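Structural description and commentary
Each chain, letter by letter, is given below.
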Amino acid sequence: MDNYNKTFIFFICLVSAMGGLLFGYDWVVIGGAKPFYEVFFGISADPVMQGVAMSTALVGCLVGAMVAGGMADRYGRRPLLVISAMLFTLSAVATGAVSDFTLFNIARFIGGVGIGIASALSPMYIAEISPARVRGRLVSLNQMTIVLGILGAQIVNWLLAEPVPAGYTEADILASWNGQAGWRWMFWAEALPAAAFLVLSFFIPESPRWQMVHAQEDKALATLTHIGGTGYARSEAEAMRGTPAGPSESGNLATLFSRRYASVLVLGVFIAVFQQWCGTNVIFNYAQEIFSAAGYSVGDVLFNIVITGVANVIFTVVAIYTVDRWGRRSLMLFGAGTLAAVYFILGTCYHLHVTGFFMVVIVVAAIACYAMSLGPVTWVLLSEIFPTRVRGVAMATCTFALWTGCTTLTFSFPSLNASLGSSGTFWLYGAICLAGFAIFKARLPETKGKRLE
């Protein structure tokens with residue numbers, strides 16, 4: 001990046017990636033608050049209401065992903081980032097402030113809409129603003145902030161929750177600081193980074209690619225000049241001039257679903273769903289069940305969850321430094337193939353009733369593989385493979401597919417685990433990863449170092 005304004009590029013990419021940080025925090029924080037708000041709202045014995053509380057944000061994610069693309073193509077990338085920051089801030093404050101269960105779910109839904117918008121817009125904006133040579137590394141920042149947000153939520157939950165004594169009752173929790181205020185502060189803690197995201201989002205430029213498509217060439221040239229100088233601005237603008245212009249020609253689902261874009265849309269949707277159905281997120285969502293089946297006590301499980309979180313962060317850093325060197329296709333093939341092998345080993349270990357530290361090593365290996373490949377590279381590819389003309393609506397469509405995949409994965413695991421057992425479930429995920437490897441080998445192009453145009 002010697003010829004680029006590194007400070008400016010890093011600032012605008014980091015601000016945009018704060019959407020990922022809040023996405024990760026908001027997604028995980030509810031897990032730590034769950035034992036306390038359920039008692040407060042009187043739903044600890046009502047599985048249906050527990051499910052409602054845990055899923056309202058997910059419904060918001062789907063709505064946010066649906067509306068993000070068309071609005072981003074019509075009104076620009078930056079306004080949608082500002083809106084997502086507003087939603088995160090409102091949700092963080094409101095979720096902790098309410099004492100009515102309906103209002104609690106409305107606040108969680110608002111936060112979910114923010115997640116849906118940010119998960120679609122942040123990587124796309126970074127891709128459109130970044131020089132081609134370092135685009136993969138910069139888009140991977142979004143995944144890095146997601147895993148930092150997840151780890152941050154785990155740490156905040158741990159620090160805020162007072163120890164729960166043995167033999168406690170629900171009445172004890174309700175009368176405690178945890179039951180009255182602790183769970184509120186877990187949500188309120190998100191308001192600080194959300195407010196920072198909101199303020200800083202007003203200081204980043206609009207995507208120059210969106211400006212070129214919407215006949216704002218002077219503004220686009222100014223941003224590109226600030227990024228890489230006059231020569232870089234002229235070269236990039238010349239490449240962008242070949243992109244169809246006009247608001248009426250972009251942000252259109254009918255255009256996206258036309259025969260012209262059918263093959264790339266199918267590939268994008270597959271990449272998005274595969275990132276979820278490769279199975280690794282099950283380890284985060286159901287870590288207690290997975291480690292308990294490996295013979296660990298509750299206290300050991302909590303320690304092992306911390307290990308998985310640290311591994312997730314470390315190997316996401318590895319991805320940032322390899323995505324522009326090894327390439328997107330190579331990392332996706334590595335991730336799918338290696339995960340298939342790890343899952344077959346893990347399933348065999350469960351089948352043979354292997355317990356102990358070796359099981360932790362295998363689980364961490366799966367997370368490490370995912371964190372340096374399928375996790376971040378999926379977002380890089382989705383932000384790169386679509387033409388500017390339909391990138392916003394395409395990214396939103398693929399993000400919607402990703403969250404649908406997340407929903408089906410999360411809800412299907414308990415049933416699969418009950419019917420197939422831990423061994424059969426991970427063998428199934430291994431087979432899915434093998435299928436993904438074959439499809440990537442046949443269909444996935446390499447986008448490393450290429451202009452988005």
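Quick caveat: nothing in here was measured; it's all calculated off a predicted structure.

**Notes on helix α1 (residues 6–40)**
If you check α1, its first and last C-alpha atoms are 49 Å apart, about what 35 residues at 1.5 Å a residue would give, namely 51 Å. Bending of α1 peaks at approximately 60° at the position of A33, with proline P35 no more than four residues after it. Directly after α1, the chain includes G42, whose backbone phi takes a positive value near 70°.

**Focus on the confidence of the model for the protein chain**
Of the residues in the protein chain, 91% reach a pLDDT of 70 or more, and the chain-wide mean stands at 84. Within the protein chain, helix α8 (residues 191–200) carries the highest mean pLDDT (95), whereas helix α14 (residues 287–293) carries the lowest (62). Considering only residues more than four positions removed or in separate chains, one finds that residues 245–250, a stretch of pLDDT under 50, has eight contacts.

**Overview of the side chain of T95**
You can see T95 is positioned in helix α3 (residues 77–97). In this structure T95 comes out as buried when scored by relative accessible area, which is 1%. From its side chain, T95 meets the backbone oxygen of S91 in a polar contact 2.6 Å long. Residues in contact with T95, not counting those within four places in the same chain, are F104, A107, R108, W183 and F187.

**Quick look at the packing of aromatic side chains**
According to the stated counting rule, one finds 21 aromatic pairs in the structure shown. Relative to F426, the ring of Y343 lies with its centre 5.7 Å away and its plane at 40°, an arrangement referred to as tilted. Placement of Y343 in helix α16 (residues 328–351) and of F426 in helix α19 (residues 391–443) is noted, with a sequence separation of 83 residues between them. Residue Y343 shares its accessibility class with F426, and that shared class is buried. Their ring planes at 80° and their centres at 6.0 Å tell us that F426 and Y429 sit as a pair that is edge-to-face. Here F426 and its partner Y429 are both found in helix α19, three residues apart, which amounts to about one turn of the helix. With respect to class, F426 is no different from Y429; both count as buried. Counting every residue linked through ring pairs, the aromatic cluster contains Y37, F40, F41, F101, F104, W183 and F187. Directly above the aromatic system of F40 lies the positively charged group of R184, at a separation of 4.9 Å from the ring centroid.

**Side note on the environment of L402**
Within the secondary structure, L402 sits in helix α19. When its relative accessible area of 2% is taken as the criterion, L402 is described as buried. C-alpha of L402 to C-alpha of F270: the two residues are 132 residues apart in sequence and 8.8 Å apart in space. Leave out the neighbours within four places in its chain, and L402 touches A272, Q275, Q276 and W379.

**Description of the pattern of salt bridges**
Under the defined criterion, the tally for this structure stands at nine salt bridges. Where R328 meets E384, a salt bridge forms, and the shortest distance between an N and an O atom there is 2.6 Å. Highlighted residues: R328 in helix α16 and E384 in helix α18 (residues 374–384), separated in sequence by 56 residues. Just as R328 is buried, E384 falls in that class too. Connected via shared salt-bridge partners are D73, R77, E128 and R391.

Cut-offs and rules
- Residues numbered from 1 in each chain as written.
- Predicted model: local features only at pLDDT ≥ 70, side-chain atom pairs only at ≥ 80, totals over all residues.
- Heavy atoms only, no water.
- Helix = DSSP H or I, 4+ residues; strand = E, 2+ residues; numbered from the N terminus.
- Expected span 1.5 Å × (residues − 1).
- Bend = angle between axes of the 7 residues up to and from the residue.
- pLDDT = per-residue confidence, 0-100.
- Contact = heavy atoms within 4.5 Å.
- Buried < 20%, exposed > 50% of the residue type's maximum accessible area, 1.4 Å probe, protein only.
- Polar contact = N/O pair within 3.5 Å; in protein donor to acceptor, adjacent residues only side chain to side chain.
- Phe/Tyr/Trp six-rings, centres within 6.5 Å; stacked < 30°, edge-to-face > 60°.
- Lys NZ or Arg CZ within 6 Å of the ring centre and 35° of its normal.
- Salt bridge = Lys/Arg side-chain N within 4 Å of Asp/Glu carboxyl O.

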